[in-house]
Amino acid sequence: MRRVRQLFLMIALMPACLLAQETETEEFTSDLFGGITGTDILPKGRLQWETYAFYEHTTMFGIEADTWSPNVSVLRYGIRKDTELMLQGAWLHTTDEGNNYTGFADLAVGFKTKLFDGWKAVPSIAMRGLLYFPGGENFSYLPDNFGFQLDLIFRNQLTLWCDLGYMGAIIWDDTPRPTTFWGAYLDFKLSDKLVLTLEEDNYYYGPDEDEKLQPWASWTISYQVHPRVELGIASDISLRHIKNYFNVMIGVAWQLTSH
């Protein structure tokens, strides 16, 4: 945990040191920490780096394991006013009953495109696709075959201080049948810069699994320290195994280019 805290402090200080005070004409958008993403797209020509560190402890399914990562990152780039490309990956280390594993995870390329801007009670709509890369026998966290994920994302502005987002997805990650995902979140704007997000997610793995449905909840607090920089902290909760799982994530979303 000490190394994770040190990494976060370094990440948090970089934007403050390198970015001068400036005005920003485009509204900032962030998909930090994954989960259900927003429907907003980066402006054309913008490059954004979203990265976080995390620690996780689990005793679910009778196995005790600790996992930490100094870097889970996504690079997003706007290629059109309604479409962006992305590249993601993570570096993980796990200690599992005396065994140690280290390596890359979740290596993927993808896109997100906005299909509809929203109108009155009709939500804004976006679609996202990800292609996951396989690894060999020496890559503990990577699948043996290519995988993919396809998301349909919605967002409604309920009030000036509260937004509702929801998403459905199909995830095929080296398993005999795809995983079905659905979930929703609420964004509470506590101030112009501070946002609290509460989210509930569900993964359905199929009738052959011991636990067919895995429900999760999470909370996130994000703070925009600069027109192009957002800091955040988040944690997930297993609604089936509340006492057997803990994690914490700290990170930054940094828009590296202004045009």
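Residues numbered from 1 in each chain as written. Predicted model: local features only at pLDDT ≥ 70, side-chain atom pairs only at ≥ 80, totals over all residues. Heavy atoms only, no water.

Here we come to the pairing of strand β11 (residues 229–238). Within a regular strand, side chains alternate between the sheet's two faces. Where burial is concerned, most of β11 is hidden: seven out of the ten residues are buried. Turn length for the strand β10 (residues 213–226)-β11 hairpin, with the two strands adjacent in sequence and antiparallel, is two residues. Counted between consecutive antiparallel strands, the loop separating β11 from strand β12 (residues 245–255) contains six residues. (Buried < 20%, exposed > 50% of the residue type's maximum accessible area, 1.4 Å probe, protein only. Helix = DSSP H or I, 4+ residues; strand = E, 2+ residues; numbered from the N terminus. Pairing = 2+ DSSP bridges.)

The next point concerns unusual backbone geometry. Its identity as a non-glycine residue notwithstanding, aspartate 106 has a phi of 50°, on the positive side. Relative to the elements of secondary structure, aspartate 106 occurs in strand β4 (residues 99–116). With a phi angle near 70°, aspartate 174 is a residue other than glycine that sits in the positive phi range. Looking at the element boundaries, aspartate 174 is found in the loop between β7 (162–172) and β8 (179–189).

Moving on, we come to the confidence of the model for the chain. On average, residues of the chain carry a pLDDT of 90, and 90% of them reach 70 or more. Segment residues 16–21 is flagged for pLDDT under 50; beyond a separation of four residues in sequence, or across chains, it makes seven contacts in the model. (pLDDT = per-residue confidence, 0-100. Contact = heavy atoms within 4.5 Å.)

Taken together, the side chains of Leu75, Leu87, Val109, Leu131, Phe133, Phe146, Phe148, Leu150, Ile170, Trp172 and Leu256 present a nonpolar region at the surface, about 910 Å² in accessible area. Counting residues per element, the ones that place at least two in the nonpolar patch are β6 (147–159) and β7. Looking at the secondary structure, you find leucine 131 in strand β5 (residues 124–132). (Patch = residues over 30% accessible without salt bridge, like charges linked within 9 Å, V, L, I, M, F, W, Y side chains within 5 Å. Areas by Shrake-Rupley, 256 points an atom, 1.4 Å probe, with all protein chains shown as cover. Salt bridge = Lys/Arg side-chain N within 4 Å of Asp/Glu carboxyl O.)

We now examine the sheet that holds strand β1 (residues 47–58). Spatially, β1-β2-β3-β4-β5-β6-β7-β8-β9-β10-β11-β12 is the arrangement adopted by the twelve strands of the closed barrel, whose pairing is antiparallel. Mean inter-strand twist for the sheet, computed between neighbouring axes without regard to direction, equals 20°. Pairing of β10 with β11 involves ten bridges; the strand directions are antiparallel. Across the sheet, serine 222 pairs through a bridge with glycine 232, a residue of β11. (Axes fitted to C-alpha atoms, helices over the stretch in contact; angles between N-to-C directions.)

Quick look at the pattern of salt bridges now. Within the structure shown, the criterion is met by eleven salt bridges. We note a salt bridge from glutamate 84 to arginine 76, for which the minimum N-O separation is 2.7 Å. The pair glutamate 84 / arginine 76 is uniform in exposure class, with both members buried. Between lysine 114 and aspartate 117 there is a salt bridge, with its nearest N and O atoms 3.8 Å apart.

What follows deals with the packing of aromatic side chains. Considering all chains together, one arrives at ten aromatic pairs under this definition. Each ring, one from tryptophan 161 and one from phenylalanine 188, has its centre 6.4 Å from the other, and the planes form 25°; the classification is stacked. Residue tryptophan 161 is located in the loop between β6 and β7, and its partner phenylalanine 188 is located in strand β8; the two are separated by 27 residues in the primary sequence. Each residue in the set Phe33, Tyr52 and Phe54 is aromatic and connected to the rest through ring pairs, giving one cluster. (Phe/Tyr/Trp six-rings, centres within 6.5 Å; stacked < 30°, edge-to-face > 60°.)

The next thing to look at is the nonpolar core. Counting ten residues, the largest nonpolar core consists of Leu32, Phe33, Tyr52, Phe54, Val72, Ala90, Leu92, Ala105, Ala234 and Met249. Sorting the residues of this core by element identifies β1 and β3 (83–96) as the ones contributing at least two each. Residues within four places of alanine 234 in sequence aside, it is in contact with Phe33, Trp219, Thr220, Asn247, Val248 and Met249. Core analysis: the second largest hydrophobic core is formed by eight residues, Ile36, Ala126, Ile171 and Phe181 among them. (Core = buried A, V, L, I, M, F, W, Y, C linked by side-chain atoms within 4.5 Å.)

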